[in-house]
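Coordinates in review
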Amino acid sequence: MTGKSTRRKFLTATGTSSVLALAGCIGGTGGSGTTEGGKQDDSDGGSKSGGQSDKLKAGGSSTVYPITSTAGSVWSSNPPASDEEYWGPGQYDIDTDARLADYWAGLYGFESTGSAAPPFDVSVGLSHSGTGLEKLKNGLVDLGNASAPVSAELPDASEEELEKYTDHVVGVDAQPIVVSKEIYEAGVEKLTAEQVRKIYTGEIENWSDIDAYTGEDREIQAVGRAEGSGTDTAFRVNLLDGPDAKMPGVDVRKGQNQQVKTLVSKSDNAIAYMALAFVTGDVPAVKLSFDGTVYEPGENLADENYPLSRDLHCYTYDGTSKQEAAYLRMIISDFGQENFVKTQGYATLTDERQKKQTSNLPEPEQ
């Protein structure tokens, strides 16, 4: 990775709030997952572009959404090469005078429009992993965003069906355990993996059963993600030993990271698991002790041995089109990793993994 960047600090690890602000800031045309009327597009709907229309459609995981939506907004604004805040290719050892989208699309033979309009637009919808992958299969989107492998999200799919999905890893999420601010301030700044497991299996139901807790007797509100979300699947696989593991301790489920964050911030007894990009002071993340190592937010959650670390995927179906390859190549590049992955609070791909993911894409035409 180059590590170079002089862009404006307009992106922070605050989830979609930064994404939506960006869309308004640079005049994106659909990249933030909104309709033309400015309403949130939660449907991932519409017809698949088939790789050759004027719009590339992505949808799925709310965890991957901050990456792909921010990338889509910048793509659709198509800033000039002289704009070092949003593009500035020379900072990433890219020799071009082309606008951002013109450059990446041009690698695959797409001609520029001669204006600020990109060769094709990008629209990103918001739901969760299972929905995105199903809509990808049904031709409703071009890219299915998922925060868990397709084999875990679609466990009933045949091997032949799974082979039709092409996996493109765009970043890494270190999934934290968060608690209500009141619980954190009452002493619960660290939990063991076994304590978390027992909470979600219903064996621990009261915060007073956690030694570090110094507050009043209070029942635990265990918040889970919707079944079918990649975050939920990853949690079950990594901490409960299987995608179908039972979680009888769950009190309420929410479909998106944003909803989990809101619920925990407004509660005084909650615990939840969610994407790292959504952690704020109102939703503090606790340290997690696992196999003798203490994993701490901001320190070592990206360690490969952290039990809740998981890849973030953009799947294509029946191969990867030129449109899909152009957009994905931008995200996987040094430029994309610095501006769309790192700024959202996620871990960037190592050089080795970056090269591997790039090699999975069709070769550029120029």
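Conventions we followed
Residues numbered from 1 in each chain as written. Predicted model: local features only at pLDDT ≥ 70, side-chain atom pairs only at ≥ 80, totals over all residues. Heavy atoms only, no water. Pairing = 2+ DSSP bridges. Helix = DSSP H or I, 4+ residues; strand = E, 2+ residues; numbered from the N terminus. Contact = heavy atoms within 4.5 Å. Phe/Tyr/Trp six-rings, centres within 6.5 Å; stacked < 30°, edge-to-face > 60°. Buried < 20%, exposed > 50% of the residue type's maximum accessible area, 1.4 Å probe, protein only. Patch = residues over 30% accessible without salt bridge, like charges linked within 9 Å, V, L, I, M, F, W, Y side chains within 5 Å. Areas by Shrake-Rupley, 256 points an atom, 1.4 Å probe, with all protein chains shown as cover. Salt bridge = Lys/Arg side-chain N within 4 Å of Asp/Glu carboxyl O. Lys, Arg positive; Asp, Glu negative; His and termini not counted. Charge placed at Lys NZ, Arg CZ, Asp CG, Glu CD. Axes fitted to C-alpha atoms, helices over the stretch in contact; angles between N-to-C directions. pLDDT = per-residue confidence, 0-100. Core = buried A, V, L, I, M, F, W, Y, C linked by side-chain atoms within 4.5 Å.

Before going further, it helps to examine the pairing of strand β10 (residues 287-290). On a regular strand, one side chain projects to one face of the sheet and the next to the other, so that they alternate. In this sheet, β10 lies alongside strand β6 (residues 190-192) in parallel orientation, the contact comprising three bridges. From the neighbouring strand, Thr-192 faces β10, where its bridge partner is Ser-289. As judged from the three bridges shared by β10 and strand β11 (residues 293-295), these two strands associate in the antiparallel manner. Bridge pairing links Leu-288 to Tyr-295 in β11. Remark: two residues form the turn of the hairpin made by β10 and β11, two consecutive strands paired antiparallel; Asp-291 in that turn has positive phi of roughly 50°.

A word on the environment of Ala-71. For Ala-71, the location among the structural elements is in helix α2 (residues 65-77). With 260 residues separating them along the chain, Ala-71 and Ile-331 place their C-alpha atoms 7.1 Å apart. Those residues in contact with Ala-71 that sit more than four places away from it in its chain are Tyr-327, Met-330, Ile-331 and Phe-340.

All right, on to the packing of aromatic side chains then. Counting across every chain of the model gives 15 aromatic pairs. For the pair Tyr-92 and Phe-335, a centre-to-centre distance of 5.3 Å together with 80° between the ring planes defines the contact as edge-to-face. Residue Tyr-92 is found in the loop between α2 and α3 (100-106), and its partner Phe-335 is found in helix α12 (residues 334-341); the two are separated by 243 residues along the sequence. Across the pair, exposure class does not vary: Tyr-92 and Phe-335 are buried alike. Relative to Trp-104, the ring of Tyr-103 lies with its centre 4.9 Å away and its plane at 75°, an arrangement referred to as edge-to-face.

Together, Glu-205, Asp-209, Asp-211, Glu-216, Asp-217, Glu-219 and Asp-251 give the surface a local cluster of negative charge. Within the secondary structure layout, Asp-209 lies in the loop between α8 (193-200) and β7 (221-225). The partly exposed category is assigned to Asp-209, whose relative accessible area is 48%.

Right, let's get into the pairing of strand β1 (residues 55-60). The element β1 is extensively covered by neighbouring structure, given that five of its six residues are classed as buried. Pairing analysis gives four bridges linking β1 to strand β2 (residues 121-124), with the strands arranged parallel. Of the residues in β2, the one forming a bridge with Lys-57 is Ser-123.

What follows deals with the pattern of salt bridges. Per the stated rule, a full pass over the model turns up 13 salt bridges. The residue Glu-227 makes a salt bridge to Arg-236 at a minimum N-O spacing of 3.5 Å. Judged by relative accessible area, which is 8%, Arg-236 ranks as buried. A single salt-bridge network, built from bridges that share partners, covers Glu-227, Asp-232, Arg-236 and Arg-253.

Quick look at the sheet that holds strand β5 (residues 177-179) now. Within the open sheet, the four strands sit side by side as β5-β9-β7-β8. Their pairing is mixed. In this open sheet, the two strands that pair with only one neighbour each are β5 and β8 (252-254). Taken pair by pair, the neighbouring strands of this sheet meet at an average axis angle of 25°, ignoring direction. Note that β5 and strand β9 (residues 270-273) share three bridges and pair antiparallel. Its bridge partner lying in β9, Val-178 is registered against Ala-272.

Two strands in a sheet stick together by hydrogen bonds in their backbones, pointing the same way (parallel) or opposite ways (antiparallel). Within the open sheet, the three strands sit side by side as β6-β10-β11. Their pairing is mixed. If you trace the sheet from one side to the other, it starts and ends with β6 and β11, each paired once. Within this sheet the neighbouring strands show an average axis-to-axis angle of 25°, counted without direction. Seen against the sheet, α8 touches β6 and β10 and runs at an angle of roughly 80° to β6.

Averaged over the protein, the pLDDT score is 85; the fraction of residues at 70 or greater is 85%. Predicted confidence for residues 1-51 stays below pLDDT 50, and this span has 145 contacts to residues more than four positions away or in other chains.

Attention now goes to the nonpolar core. Of all hydrophobic cores here, the largest spans 87 residues; its most connected members are Trp-75, Trp-104, Tyr-200, Phe-235, Ile-271, Tyr-327 and Met-330. Here this core gets seven residues from one element, more than from any other, and that element is helix α11 (residues 322-332). Not counting residues up to four positions away in its chain, the partners in contact with Tyr-200 are Ala-222, Val-223, Phe-235, Met-247, Pro-248, Gly-249, Val-250, Ile-271, Ala-272 and Tyr-273. Within the second largest apolar cluster, 10 residues are counted, among which are Val-141, Val-150, Tyr-165 and Tyr-315.

Here we come to α12. Extensive coverage of α12 is indicated by the burial of eight of its eight residues. Every buried residue of α12 is accounted for by Asp-334, Phe-335, Gly-336, Gln-337, Glu-338, Asn-339, Phe-340 and Val-341.

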